[in-house]
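Examination of the molecular architecture
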Amino acid sequence: MSRILEKLADQHEERIINVLYKLENDIVNEVTRATKGNLVSQRIAIQLQPRLRTVIESTFLNEADLLINDDYNKVAKEVLDTFGKMPIPAKFKNLTDVDLSTINALKTQSFSGFEDIAERFLKVINDEVYQSTIAGRPFNDMVSNIKSHINGVYKSSNVTEINELVDFINENKFDTTKKAQVEDAVRKLHTQYASDRAGNNLRRYASQIAHDSVMQFHGQFTVAKAKASGLNHFTYTGTLVRDSREFCVNMLNKTLTEEQIRDMWNNRAWQGKSTGDPFIVRGGFRCRHTWIPTDPAWGEETLDEVPDEPVVEEAPTPPVVDETDIFSPVINNSLSDKNVKILPLKESTVILNNFFDEASKDQRYINKDYGIYQGSVKGNTFGKFDDKTKRINEKSASMLVALLPELETLAKKFDVSMIRGTTKVNSKKTWANMGDGVLGINPNYINSRSRNIGSQPQIITAKIKKEISELENKINVSTKSLDEVLKKNEVISFEMWRKIIVKTKNPTLKNKMAKEFNDNINILNQRVKLQEELLTIKNTYGIKTKPTSKWQRGNNLKDRPHNSEDFWVSDIDRFRSTLYHEFGHHVHQTYKYKARDAFMTKPRYDDILRPLEKRLEKSDIFNNYKDNSPTTYGAKNTKEWFVENFSLYFMEREDLVDPKFIEILKEIADDKIL
């Protein structure tokens, strides 16, 4: 079973990688055709957006659709074949109507994962084209950047050796006999020809989803069939490779009950563990193992004890920061509103309490049992998920659980302790706050951000897709026609055109102008109706339509959004933005902090030295932070400037970040902030 799954997973990844080269070529050709190889105008950049969407849908999403519809039936058949060999009633060995419904729902869920990253990178590519017009970027540079957004260091190039390395990697990636040569080629490609941010591209996330979606579909369908069959024992199966996780090595061929598996999952951590259901994500991203249902009564397996957690020798204290890592984002692009695993509130509470309890033991915390920030929590709240009124709902708690690994990554980057608890914010005006390593959350805010978490909108049929496409095309035709007529009459708006007509003295000319004006007003009104119709359909089917801030560096400061959340569309991204913002406060509060006097037993706020905060008050930052902040909230003080840039940078929006923030990161990487 596992080898069939592994083969399908590898085939999916290989097919997605291949189609991304076609996507790269098609998008570059579309941009070149529209611009004729010259700097694009803002108008053309905007008109290109629906064309680029069509290209992505016809290549990348079409291939994803084919993969899911062609191969997931094969996975389902393998599951049924496995159940067919079991000594269970015949009715559980066949495909039922419930099974068909489950399979279709799982297919839709898998496809939504591809749609989410397609939407994210469509925006990235659209922004690249539009920003080129603002920045006056050379056309070839724009094309190179677009290629990087799609295939990263594996993009096509005019350097012969790069193309040879890329071809070798693509041709032999799944050949185990050439694993060492492939690794050498990858290392050379990254170290000699790539920047440290080149890995954040469509290829990286699409290939991961292509692989994991096969294994996760198998896991979900298998568990569904097991529950229907009354089986609650599972054996961990699969093959080991050189870099298999220690968890997988210890668990291989072990048979446990569902209760044992879930208990172990909730109370144990390991390198590479990802958030989700243990039967679906298994060891973590790209895991090649799976749980197969069984029953020890059949005599084939015996019930095992949960293996002891491996004893890990205490490692030496890590360096202050990993210079090769601090500059890379941490956002998990595969995590979307739709695929957050919704856990019962009780289960999330256990996970969060265990997590915060472990974090509270970090010896880097100066105040172990008392608060130092004004209005801070008491020390007995450390190590707890504190929701006194139980107003944080299960979706909100699940969203927080799903984002914890990203906060852990941020903590490692800056060599600071992990946050050690939460508390409720009572102020209606405050969404969240941070102090003493405790995250304050306004329940009303986080609950509003979790409304769409885990929800599945109506399935978008081919008919609906066609209807949406036709409406978008009609709107684009109307827009083009109206733009052309305004340009012909040398006006920038219908209001300006109307005023000119009113002032025209010649009756014949005035009547002629008025007729043309009225004809186009009708076109304008028709476009408004089309836009309203399109909006209604998108809302019905859960297609994001909420506008985000289009502000760019260099634009009028008055147009800046209030805070970094306004640059995002999805609920989880908007909450993630706030979460990163608050973690940025944790960083400047605790990075290399120490008591002014080493002999103090309980230093208070003013007794503690915070070198990063001191650095932010130097003139090069202090004199310019208001005008260089990407948001108005970041212009409040240097700490808010830092955390607003922090949030955007680690969510892959470096284009919005003040260059001075990058300099601060470089100083941290070089260990110059003392």
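The rules we used
- Residues numbered from 1 in each chain as written.
- Predicted model: local features only at pLDDT ≥ 70, side-chain atom pairs only at ≥ 80, totals over all residues.
- Heavy atoms only, no water.
- Helix = DSSP H or I, 4+ residues; strand = E, 2+ residues; numbered from the N terminus.
- Contact = heavy atoms within 4.5 Å.
- Areas by Shrake-Rupley, 256 points an atom, 1.4 Å probe, with all protein chains shown as cover.
- Expected span 1.5 Å × (residues − 1).
- Buried < 20%, exposed > 50% of the residue type's maximum accessible area, 1.4 Å probe, protein only.
- Pairing = 2+ DSSP bridges.
- Axes fitted to C-alpha atoms, helices over the stretch in contact; angles between N-to-C directions.
- Core = buried A, V, L, I, M, F, W, Y, C linked by side-chain atoms within 4.5 Å.
- pLDDT = per-residue confidence, 0-100.
- Salt bridge = Lys/Arg side-chain N within 4 Å of Asp/Glu carboxyl O.

**Comments concerning the overall build of the protein**
Along the backbone of the protein there are 22 helices and nine strands. Summarising the internal contacts of the protein: among those between residues at least 6 apart in sequence, 74% fall at separations of at least 24. Split by element, the accessible area of the protein, about 33200 Å² in all, is 50% carbon and sulfur.

**A word on helix 17 (residues 571-590)**
A rise of 1.5 Å per residue sets the reference length of helix 17, with its 20 residues, at 28 Å; its end C-alpha atoms lie 29 Å apart and thus fit the reference within 8%. With 20 of 20 residues buried, helix 17 is to be regarded as a mostly interior element. Downstream of helix 17 by a residue or two, Lys592 has a phi angle that is positive, lying close to 55°.

**Focus on the sheet that holds strand 3 (residues 289-294)**
Taken together, the three strands give an open sheet; going across it, the order is 2-1-3, and neighbouring strands pair in antiparallel fashion. In the strand order of this sheet, the two ends are held by strand 2 (255-257) and strand 3, each with one partner. Each strand axis lies, on average, 35° off the axis of its neighbour in the sheet, ignoring direction. Here three bridges tie strand 1 (residues 233-238) to strand 2, and the two strands are oriented antiparallel to one another.

**What to know about the sheet that holds strand 4 (residues 384-385)**
Judged by pairing direction, the sheet is mixed, and its four strands sit side by side in the order 4-5-7-6 without closing on themselves. Bordering the open sheet on either side are strand 4 and strand 6 (432-435), each of which pairs with just one other strand. The pairing of strand 4 with strand 5 (residues 421-424) spans two bridges and is parallel. When the bridges of strand 5 are listed, Phe385 appears paired with Thr422. Contacts between helix 17 and the sheet are confined to strand 6 and strand 7 (438-441), with strand 6 contributing the most and set at about 20° to the helix.

**Describing the nonpolar core**
Burial of nonpolar side chains together is a common tendency in soluble globular proteins. Core analysis: the largest hydrophobic core is formed by 64 residues, its most contacted members being Phe583, Phe642 and Phe650. Within the residue set of this core, elements represented by two or more residues are helix 11 (345-360), helix 12 (394-414), strand 7, helix 13 (443-449), helix 17, helix 18 (611-616), helix 21 (638-649) and helix 22 (659-669). Ranked by residue count, the leading element in this core is helix 12, at 11 residues. Counting 62 residues, the second largest nonpolar core, distinct from the first, contains Ala9, Leu48, Val129 and Val214.

**Concerning the confidence of the model for the protein**
Regions with low pLDDT should not have their predicted coordinates read in detail. In the predicted model, the protein carries a mean pLDDT of 79, and 78% of its residues have values of at least 70. Contacts of residues 189-200 to residues separated by more than four positions or lying in other chains number 29 contacts, the stretch itself having pLDDT below 50. Within the model, pLDDT remains below 50 along residues 312-324, and this stretch shows 17 contacts once partners closer than five positions in the same chain are excluded.

**Concerning the pattern of salt bridges**
Opposite charge on two side chains lets them pair, provided their charged atoms get close. Taken as a whole and judged by the stated rule, the model has 26 salt bridges. One salt bridge connects Arg364 with Asp362, and the closest N-O pair in it is separated by 2.8 Å. Judged by relative accessible area, Asp362 falls into the buried class, the value being 17%. Look at Arg364 and you get partly exposed, because its relative accessible area is 39%. Connected through salt bridges with shared partners, the residues Lys227, Glu258, Arg262, Asp277 and Lys341 form a single ionic network.

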